[in-house]
Amino acid sequence: MSRETIKDRYQRTLGYIVTENSGRQKALDVAQRTLGYYYPGQNVTKDAGQRTIAHGNVLASLISGAD
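Bear in mind the structure is a predicted one, so any value in this text is a computation, not a measurement.

So, about the pattern of salt bridges. Across all of its chains, the model carries four salt bridges by this definition. Of the charged contacts in the structure, one is a salt bridge between Arg33 and Asp29, with a shortest N-O distance of 2.8 Å. Assessed through its relative accessible area of 7%, Asp29 is described here as buried. A salt bridge links Arg51 to Asp47, with the shortest nitrogen-to-oxygen separation between them at 3.0 Å. Using a relative accessible area of 55% as the deciding quantity, one classes Arg51 as exposed.

Here you go:
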């Protein structure tokens, strides 16, 4: 499992993208709340409620859009 920190231009941490052993990725905000998932086999991004929100990987936009 790997973890990437997402920062703004002032180097403040906004959130994280965690890649699980299965290949699935999970977006977390700075408080460790789940924002969404990316499923590479399906090539879809789903929100925390498992609703499809985009085709492709848009997890970083979930993090940067979080307050």
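The next subject is unusual backbone geometry. Phi is positive for Gln32, which is not a glycine, with a value near 70 degrees. You will see that Asn43, though not glycine, has its phi angle at about 55 degrees, which is positive. Mapping Asn43 onto the fold places it in the loop between strand 4 (34-39) and strand 5 (44-47).

The next point concerns the nonpolar core. Judged by nonpolar contacts, Ile6, Ile17, Ala27, Tyr38, Leu59 and Ile63 together constitute the single largest core of six residues. Ignoring sequence-local partners within four residues, the contact set of Ile6 consists of Arg12, Thr13, Leu14, Gly15, Ile17 and Ile63.

Each regular strand carries side chains that alternate between the two faces of the sheet. Looking at chain direction, strand 3 (residues 25-29) and strand 4 are connected through four bridges and run antiparallel. Residue Lys26 lies in a different strand from strand 4, and its bridge partner there is Tyr37. What sits between strand 3 and strand 4 in their antiparallel hairpin is a turn of four residues, with Gln32 showing a positive phi close to 70 degrees. Of the strand pairs in this sheet, strand 4 and strand 5 are connected by four bridges, and their pairing is antiparallel. Following the sheet pairing, Tyr39 is matched in strand 5 by Val44. In textbook terms, the turn of a hairpin is the stretch between consecutive antiparallel strands, and for strand 4 and strand 5 this stretch comprises four residues, one of which, Asn43, has a positive phi near 55 degrees.

This part is about the sheet that holds strand 3. Strand order in the open sheet formed by six strands is 1-2-3-4-5-6, with antiparallel pairing between adjacent strands. Where the open sheet ends on each side, the last strands, each with one partner, are strand 1 (2-7) and strand 6 (52-55). The mean angle between the axes of side-by-side strands here comes to 20 degrees, regardless of whether they run parallel or antiparallel. Note: strand 1 against strand 2 (residues 13-19), six bridges, orientation antiparallel. From the neighbouring strand, Thr5 faces strand 2, where its bridge partner is Tyr16.

Criteria and thresholds
Residues numbered from 1 in each chain as written. Predicted model: local features only at pLDDT ≥ 70, side-chain atom pairs only at ≥ 80, totals over all residues. Heavy atoms only, no water. Salt bridge = Lys/Arg side-chain N within 4 Å of Asp/Glu carboxyl O. Buried < 20%, exposed > 50% of the residue type's maximum accessible area, 1.4 Å probe, protein only. Helix = DSSP H or I, 4+ residues; strand = E, 2+ residues; numbered from the N terminus. Core = buried A, V, L, I, M, F, W, Y, C linked by side-chain atoms within 4.5 Å. Contact = heavy atoms within 4.5 Å. Pairing = 2+ DSSP bridges. Axes fitted to C-alpha atoms, helices over the stretch in contact; angles between N-to-C directions.

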